[in-house]
There are 2 protein chains.
Amino acid sequence: MPPLQSADVRADRTRLSSADWEAGALDLLAEQGVAAVAVEPLARRLGVTKGSFYWHFPSREALLKAALERWEKLDEETVFEPLEEIVDPAERLRELFVRTSKEMRSHVLYSELLKALDHPVVQPVMARVSQRRIHFLMQAYRSLNFSRKDAMNRARLAYSAYVGFLQLMLQLKLTRMSAEEFDAYVGHVVETLIPAA
Amino acid sequence: MPPLQSADVRADRTRLSSADWEAGALDLLAEQGVAAVAVEPLARRLGVTKGSFYWHFPSREALLKAALERWEKLDEETVFEPLEEIVDPAERLRELFVRTSKEMRSHVLYSELLKALDHPVVQPVMARVSQRRIHFLMQAYRSLNFSRKDAMNRARLAYSAYVGFLQLMLQLKLTRMSAEEFDAYVGHVVETLIPAA
DNA sequence: GTAACACCATACGCCACCGTATTGACAAGC
DNA sequence: GCTTGTCAATACGGTGGCGTATGGTGTTAC
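What comes next is a walk through the structure. (Residues numbered from 1 in each chain as written. Chains lettered and ligands numbered in written order. Predicted model: local features only at pLDDT ≥ 70, side-chain atom pairs only at ≥ 80, totals over all residues. Heavy atoms only, no water.)

### A look at the overall build of chain A
What counts, and what does not: The helix count covers DSSP runs of H or I at least four residues long, the strand count covers runs of E at least two residues long, and both are numbered beginning at the N terminus. Exposure is judged per residue with a 1.4 Å probe applied to protein chains only, and the accessible area is read against the type maximum: over 50% gives exposed, under 20% gives buried, and values in between give partly exposed. We call two residues in contact whenever any of their non-hydrogen atoms come within 4.5 Å of each other. Every accessible area reported is derived by Shrake-Rupley at a probe size of 1.4 Å, with residue values counting cover from the shown protein chains alone. His residues and chain termini do not enter the charge count, which takes Lys and Arg as positive and Asp and Glu as negative. Where a charge sits is defined by one atom per residue type, namely NZ (Lys), CZ (Arg), CG (Asp) or CD (Glu).
Secondary structure summary: chain A contains nine helices and zero strands in total. Overall, chain A shows an N-to-C arrangement of helices and strands of α-α-α-α-α-α-α-α-α. When its C-alpha atoms are laid out on the principal axes, chain A stretches across 70 × 35 × 30 Å. Split into buried and exposed, the 197 residues of chain A put 49% on the buried side. Within chain A, contacts between residues at least 6 apart in sequence are counted, and of these 67% link residues at least 24 apart. Here chain A displays about 10300 Å² of accessible surface, and carbon together with sulfur accounts for 55% of that area. Charge-centre separation for chain A: the mean point of 26 positive side chains lies 4 Å from the mean point of 27 negative side chains.

### Considering the protein's contact with DNA strand C
For the record, the criterion: Any residue with at least one heavy atom within 4 Å of a molecule or strand is counted as near it. For the purposes of these results, a polar contact is taken to be a pair of N or O atoms within 3.5 Å, where, inside protein, one atom must be able to donate a hydrogen and its partner to accept one; residues adjacent in sequence count only when each atom of the pair is a side-chain atom. The nonpolar class holds Ala, Val, Leu, Ile, Met, Phe, Trp, Tyr, Cys and Pro. Asp, Glu, Lys and Arg form the charged class, and all remaining residues, Gly among them, are polar.
In the neighbourhood of DNA strand C, 19 residues make up the surrounding shell, with Lys50 of chain A together with Leu16, Thr49, Ser52 and Trp55 of chain B lying closest. The sugar and phosphate moieties of DNA strand C supply 53% of its atoms located within 4 Å of the protein. Take Arg60 of chain A: an N or O atom from its main chain is 3.0 Å from a phosphate oxygen of DNA strand C. Ser52 of chain B is positioned with one of its side-chain polar atoms (N or O) 2.7 Å from a phosphate oxygen of DNA strand C. Of all the secondary structure elements, the ones that give two or more residues to the surface near DNA strand C are helix 2 (39-46) and helix 3 (50-56) of chain A together with helix 3 (50-56) of chain B. At five residues, helix 3 of chain B tops the list of elements feeding residues into the surface near DNA strand C. Within the surface near DNA strand C, the residues separate by chemical class into seven nonpolar, five polar and seven charged.

### Section: the interface of chain B and chain A
For an interface, size is often stated in terms of accessible area lost upon the parts coming together. Counted only if it meets this: The term buried area denotes the loss of accessible surface (1.4 Å probe radius) that occurs when two parts are joined, taken as the sum for both partners. By definition, a salt bridge exists where a carboxyl oxygen of Asp or Glu is found within 4 Å of a side-chain nitrogen of Lys or Arg.
Chain B puts 34 residues into the contact, and the matching count from chain A is 34 residues. Both faces combined, the contact of chain B with chain A buries some 3200 Å², and carbon together with sulfur accounts for 64% of it. Of all residues in chain B, Arg156, Leu172 and His188 of chain B bury the most surface against chain A, accounting for 18% of the area lost on that side. The interface formed by chain B and chain A includes two salt bridges. Measuring nitrogen to oxygen at the nearest pair gives 3.3 Å for the salt bridge that ties Lys115 of chain B to Asp118 of chain A. Taken together, the links from chain B to chain A amount to eight residue pairs in polar contact (both at pLDDT 80 or more). Mapped onto the side of chain B that touches chain A, the elements with two or more residues apiece are helix 7 (122-143), helix 8 (148-172) and helix 9 (179-193) of chain B. In terms of residue class, the side of chain B that touches chain A is made up of 18 nonpolar, eleven polar and five charged.

### Quick look at the pattern of salt bridges
Throughout the structure, instances matching the rule amount to 23 salt bridges over all chains. Arg94 of chain A serves as the salt-bridge partner of Glu91 of chain A, at 3.5 Å between the closest nitrogen and oxygen. One end of the pair, Glu91 of chain A, and the other, Arg94 of chain A, are both in helix 5 (residues 89-99), three residues apart, so they sit about a helical turn from each other. Take Glu91 of chain A: its relative accessible area is 30%, and that puts it in the partly exposed class. Given a relative accessible area of 27%, Arg94 of chain A falls into the partly exposed group. Where Asp75 of chain B meets Arg133 of chain B, a salt bridge forms, and the shortest distance between an N and an O atom there is 2.7 Å. Remark: Arg133 of chain B occurs in helix 7 and Asp75 of chain B occurs in helix 4 (residues 60-84); sequence separation between them is 58 residues. Comparing Asp75 of chain B with Arg133 of chain B shows no difference in burial state: the two are buried. Connected via shared salt-bridge partners are Glu72, Glu76, Arg128 and Arg132 of chain A.

### Quick look at the packing of helix 5 (residues 89-99) of chain B against helix 7 of chain B
Residue and element names in this part refer to chain B. This is how it is decided: Whenever a helix is involved, its axis is fitted only over the stretch in contact; in every case the axis is a line through C-alpha atoms, and angles between N-to-C directions fall within 0 to 180 degrees. A crossing counts as left-handed when the near helix is turned anticlockwise from the far one by less than a right angle, and as right-handed when that turn is clockwise.
Direction vectors running N to C along helix 5 and helix 7 enclose 145°, while the axes themselves pass 8 Å from each other. Viewed along their axes, helix 5 and helix 7 form a crossing whose handedness is left-handed. The segment helix 5 lies against helix 7, with Pro89, Arg92, Leu93, Leu96 and Phe97 engaging Phe136, Leu137, Ala140, Tyr141 and Ser143. The residue inventory of the contact of helix 5 with helix 7, partitioned by class, reads eight nonpolar, one polar and one charged.

### Here's the deal with the relation of the copies chain B and chain A
This is how the line gets drawn: Copy-to-copy superposition: least squares on the C-alpha atoms, limited to residues that have pLDDT of at least 70 in both copies.
Superposing chain B onto chain A takes a rotation of 180° combined with a translation of 0.0 Å along the rotation axis, leaving an RMSD of 0.1 Å. The two molecules are tied by a two-fold rotation axis, judged by turn and shift.

### A look at the packing of helix 1 (residues 18-32) of chain B against helix 6 (residues 104-114) of chain B
Residues and elements named next belong to chain B. The criterion, for reference: Angle categories: roughly parallel below 35 degrees, roughly antiparallel above 145, roughly perpendicular from 65 to 115, and oblique for all the rest.
Interhelical geometry of helix 1 versus helix 6 gives an angle of 75° and a closest axis separation of 8 Å. When the axis of helix 1 is compared with that of helix 6, the two are roughly perpendicular. Mapping the contact onto sequence places Leu26, Asp27, Leu29, Ala30 and Gln32 in helix 1 and Arg105, Val108, Leu109, Glu112 and Leu113 in helix 6. Classifying every residue of the contact of helix 1 with helix 6 gives six nonpolar, one polar and three charged.

Pasting the structure below:
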């Protein structure tokens, strides 16, 4: 009797590297949250046993840390660096708000991590990422002639709105909006939180 | 050797009722999240063993459900009914935003529940509570002559801002603001999200 | 003052996950 | 072709929680 292989994600024939485990961890994280990133389930999913895992990582914590740092780096590169090039601050903000519609995976991950902020490994990563993003917003508002305090408060407000919206949509699933509704909402947010040119 | 009694919360001498367990569950929930609401730890905290628990409740799930329904009821009574009496909608919104400064426990609980929205017992309760609150906001904006769509979008935005702020402050602890900073932020939010009279 | 009830203790079996130890298989380098 | 290094299987012990079974004790009703 064959060993009842689970849905076998990897193309088999190859062996696993640390990066494979990290990628798998992020997949599981996006799908089922931090608690689901456990070594035995992940091993099953990758078609091996945990005997393999403990060769690559000393502990579950270490995997989590490595995976999150991988995510943090990727996040910076794909989301923010492209935006730095837009010179007009109002336009930069608008683009940030709108591009946020795509890239669902990034939001899903961020949203799951929001639910695990009490975890000692998650907390510092999220603190860095969120701090950077809020700072990005603040600088844009500064360029729009907001006072220091107003810029800070508006940045906080805008980012809070992002975070809250994520939770309400992705987690609570209060209203699965149509594409038009969603665009209308984003339009409303832009009008409300970004001063007209 | 005495049985190493834990910090003994109840005034002893009395025995426990279902309500005591529910209250204890909410305490633990506020302090350490949904996952921490486990029967053996809770029993230890209450100075009994789980032999007691299973007399009052058939399962951990049942306790959680009872506790959350208790919270839902209390929330309605203490937060929203008082506000219904304020007739001027702009004033009502302002008061909602400002009173939200107090009542920390309510926010802490809501914030912890936000992190457990995938839990089948938590989800429906949170859906009801959030839906009610957003509807409350929407009606206020309607009274301020917002179009139906604008009112909906603004309500979503305002509530998202609330939810996000909760997570950023209570969970991420990005910035522990001073009382003045906090008031200034609330002022900024009021100016931004509520049209001037 | 005893019987019934309400609450609690103890002890047990079960499961899921963590981490360790030991051995095995396969490839590359010499 | 034999050794070394890399990845993996197996088997084990430990922890912490769930739920059950059964018996015990204080309180109340009569």
